[in-house]
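# Remarks on the overall topology
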Amino acid sequence: MTPPPHMNTTLLAQAGRIGDGLWLARGWPGVLIVALIAASIVGSVYLYRRQRVISLGWRLGLGTLRAAVLILLLAILLQPTISVTETTQSRKKVLVLIDSSPSMSVQDTRKADDDIAEAALAMGALPFETALAQQQMALGKSAMRQAQRHLDAGRRDAALEAQQAAMDAINSAAAELGKADSTDAARAGQWVMELKRIADHQGQLRQQLAALTQGSDQWAMFASQQMILIDELTTLARGVIASPHRLTARQREALATTARIDLVKSVLSNTYRNVIDSMGPSYDAHYYHFAEALSKIGRSGADARAGVASLTTQGEGTHLADAIAQAVGGHTGPVAGVVVFTDGAATDGDAIEVARRMGERGVPIYPVAIGLPEPDDVSIESVIVQEVAFEGDTVPVHVQIHSRGYERRQTYLSAYLNDRRVAHEPVLLTGAPQFKDVFFDVTGASTGSMQIKIGIEAFAGEATDRNNIVSRSLRVIDEKINVLYLEGSARWEFRYLRAILLRDPRLNVKFISTLADAELARTSRDYLERFPEDLETAFSFDLVILGDVDPAFFRGDELARLEQLVRERGGSFLMLAGRRYAPTRYADSPIQAMLPVYFEAGAPWDEIGDDVHPVVTPAGRHSMVMTLADSARRNDVLWARIKPLGHIPPVTQAKPGAVVLAELSDIGPRGNRTPVIAWQRYGTGKSMFISTDRLWRLRFKTGDKYHWRLWSQTIQFLTLSRLLGENRRVILETDRKLYRRGERVRVLANVLDEGFSPVLSPSYHVTLAPASVQGNGKARTVALKPEPGRPGLYSGYVVPEEEGRYQVLAETDHQPFANTAEFHVSVLQREMKVTDMQLDELERIATVSGGQVLSIRQLPALPALLDQRTHQVTYVRQVSLWDKWPVLAAFVLLTGVEWYLRRRNDLA
């Protein structure tokens, strides 16, 4: 029994030390113990000194017995304990992890002989006839790596020793390959010649190193040459395999499309099941499988093999890093290594960082690579489609297609609206990532939420067809957006934005030019003279854009009506900053309250460097407003074009609860990254602030493509919620509109009272209800908690389990003045988008941890790689002496003898 780690420390602190290994558990002072012993002796002497009726000899004998009894009783009270040091042998553990995620169901289309032969080894159609050769090559590679590490550290003698070990192992591998009778003779001969060549080169390198003086500046050259030999041996080891020519045509056909998980199951439960179990008494194998979570199968033996044989793919992703960390963390004592059967397609976690930690602990990782690095497959990588369309629109769908193995083959890309095909376009595959646009009309379509499916026809023999279709949601409305734009100067941003607004058929736009003659408003249907006094007309605008307008232009309660439009009627407000008036001249006005930023009233604008530009914030990356390109990298490049900005307004910071979508790329004159685009909810509406009028620089060399996209997306973001009836006293929304099955959905509720002030309560309850779910989806209640620093805003999470559309409903009493939020759940897993076996990633994991990547054909090398040294565990065991039966027997015996002698002498 191993004692608690604190045992010895406790004894040192509390007990008295008698000698090496002997302790008194009672922490009495030594002076007290000596005094008690002396008192026992003196008391015994005094007791029998008075007994004159017996002889001196009897008195001395009885006094000694009494003293012995008292001292033995004192010893029992002091609880003497002895520390016993023991050494035992501990079996090292080997952890075997099997990837059972969806990507392991991929059926690789194997065409090359070596790929078919590896599958044949796994399925038992060919024998592991090069097992000993593989083991020797593994030992040789391990010795080469040790030599390289010694060379890097400048240890010549150790490097020479490791190089000799590498030569011996490589020559042994060549000898073993030469004995393999059933291996294809021509190929075996080539392998033997190649191994001898590598061994000769290693010998030459060793001779040159031996002749080198210690401290030479050529160490780096020798380390580099050693690395070349390691790569050559690695390549050769991967190629050494049984000949596939002995397979029948029917066997080759069956093996060509065997699923990855079936290869693993066959290897571990049948064809080479003893690869770990037979490695000797030094190891204790534990089997696990993992997808999104780690599950234990069992220990070595029939039960573990049965568990492996019954595995099926499951889950929605692969958490490789968590699986390794949890498996190792669940064991005490030495772990000889972690063997992971996987294709490396991880969807979460930093496996490289976990591998680094394992390397620091001395736990090497040996990934067994399953699958092909480049299987034949066609997939839809991404789909970009707007979330809302107007009745009569032509909706563009931008699709990224990835293909391999079907170059110059034609297939078809189709779009389905509520399962009705609305587009069908031919696609000539290139074998590389390519883009295709399809278009469909929503003319005559019913309004409301619809499902779009984008699919590409699959070929026979594809790795999987689960990545050939992607679903999205589309909301169709039949109203136009009413926009009012007030501007005080004919600056460039106004000129380009005016053209964009006028040519968009979805918009009904009115302008107010504060510097124009009043006659313009009377003669043009596009212009108004002032902000409407009629409340019905004023409140009909979905969006009011305020440019660089002198606040003196507004009369009476015009600004109050504008604020009421946003706060109570769900309209939206956008201020486009200008150097003369906006926003610095709007202090103490309703505009200041609506803006999502704080500013210094009346302060001049700040000058900034020519290289400073807007950068998208993490919140901005999830916003439709800021998405100008397909990739995040391209998107960042486009935003970096908006420079020089020249000057920026004296904005100090965003208000609590505001969302900053873009900020300056550098610290501004006020010591902060000034918000460039920010927005917030204000009452039932939205308010946005844009701190530059240089967005037109997006037109550089591209025309109005990106400038138009930015303003179009901004207007839709600000106004569509009102058109869809979502800007109410209770506003429900989710952080995204599309999720994969099993993913967490963040639900938010902005709750206002009858006076349009935030409602403050400990929680707010919403209902999640299936709108169209495949399965038995049931409605459930979700409790939302208040967001700190954002009064009236509540948030929470829910995990839908079924595919389909869902609705989020407010509390029953609030539903008359609340919107309904919708989102879609899809079953497409992230890891199924790319079906490649991630060999480079597995190589990094192995290298960082001190392990090695193996293929199925190299499994026989695994025992040679693992640390086979016996592990001894030494610990100190505490043995108490005072509560043993001999002590009790001695106490009873001494007491009984004394009592008997006293009676014999008539003293009792």
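Rules used in this analysis
Counting from 1, residues in each chain are numbered in the order their sequence is written. Local features in this predicted model are restricted to residues whose pLDDT is 70 or higher, and side-chain atom pairs enter the listing and the counts only when it is 80 or higher, whereas totals over whole chains, interfaces and linings include all residues. The side-chain numbers reported here are obtained from all heavy atoms of the structure, hydrogens and water having been left aside. Buried Ala, Val, Leu, Ile, Met, Phe, Trp, Tyr and Cys residues that are joined via side-chain atoms within 4.5 Å together make up what is termed a nonpolar core. Only protein chains enter the accessibility calculation, which uses a 1.4 Å probe. A residue is then buried if its area is under 20% of the maximum for its type, exposed if over 50%, and partly exposed in between. Runs of H or I in DSSP of at least four residues are treated as helices and runs of E of at least two as strands, each being numbered from the N terminus. Contact between two residues is taken to exist if any of their heavy atoms lie within 4.5 Å; hydrogens are not considered. Each direction from the helix axis to a C-beta atom contributes to the arc, which is the arc of those directions. We define a polar contact as two N or O atoms separated by no more than 3.5 Å, with the added condition that, inside protein, one atom must be a possible hydrogen donor and the other a possible acceptor, whereas residues neighbouring each other in sequence contribute only through side-chain atom pairs. Think of it this way: DSSP has to see at least two bridges between two strands before they count as a pair. The axes used here are C-alpha line fits, helices contributing only the stretch in contact, and every angle between their N-to-C directions lies in the interval 0 to 180 degrees.

## Notes on the nonpolar core
Leu-574, Trp-639, Ile-677 and Met-688 are the most contacted members of the largest nonpolar core, which totals 50 residues. At eight residues, the largest contribution of residues to this core is made by helix α21 (residues 705–723). Not counting the four nearest positions on each side in its chain, Leu-574 is found in contact with Leu-543, Val-544, Ile-545, Leu-546, Met-688, Ile-690, Trp-711, Thr-714 and Leu-718. Tyr-287, Leu-859, Ala-861 and Leu-866 belong to the second-largest nonpolar core, a separate cluster that totals 43 residues.

## Observations concerning helix α22 (residues 839–849)
Those residues of α22 lying buried are Leu-842, Ile-845, Ala-846 and Ser-849. Buried positions in α22, seen along its axis, are confined to an arc of 95° and lie on one side of it. Residues of α22 that are buried in the fold lie against α13 (320–329), β7 (335–342), α14 (351–361) and β8 (365–369). Positive backbone phi, approximately 90°, marks Gly-850, located one or two places after α22.

## Some points on the side chain of Ser-379
Relative to the helices and strands, Ser-379 resides in strand β9 (residues 377–384). Residue class for Ser-379 comes out buried when judged on its relative accessible area of 1%. At a separation of 3.0 Å, a polar atom in the side chain of Ser-379 contacts the side chain of Glu-381. Residues contacting Ser-379, with those up to four places away along its chain left out, are Gln-400, Ile-401, His-402, Asn-467 and Lys-833.

## Re the sheet that holds β7
Taken in spatial order, the five strands line up as β6-β5-β4-β7-β8 in an open sheet, and their pairing is mixed. Every interior strand has two partners, whereas the edge strands, β6 (294–299) and β8, have only one. Neighbour to neighbour, the strand axes of the sheet diverge by 20° on average, direction disregarded. As defined by bridge partners, strand β4 (residues 92–99) adjoins β7 across six bridges and the pair is classed as parallel. Bridge pairing in β7 places Ile-98 opposite Phe-341.

## Details of the sheet that holds strand β13 (residues 420–428)
Strand order in the open sheet made by the five strands is β10-β16-β15-β12-β13, with mixed pairing throughout. Edge positions in the sheet fall to β10 (388–390) and β13, since each of these pairs with one other strand and no more. Ignoring which end each strand starts from, the neighbouring axes of this sheet average 25° apart. Taken together, the eight bridges between strand β15 (residues 448–456) and strand β16 (residues 469–477) define a ladder with antiparallel strand orientation. Within the sheet, the bridge partner assigned to Gln-451 lies in β16 and is Ser-473.

Keep in mind these values describe shape, not function.
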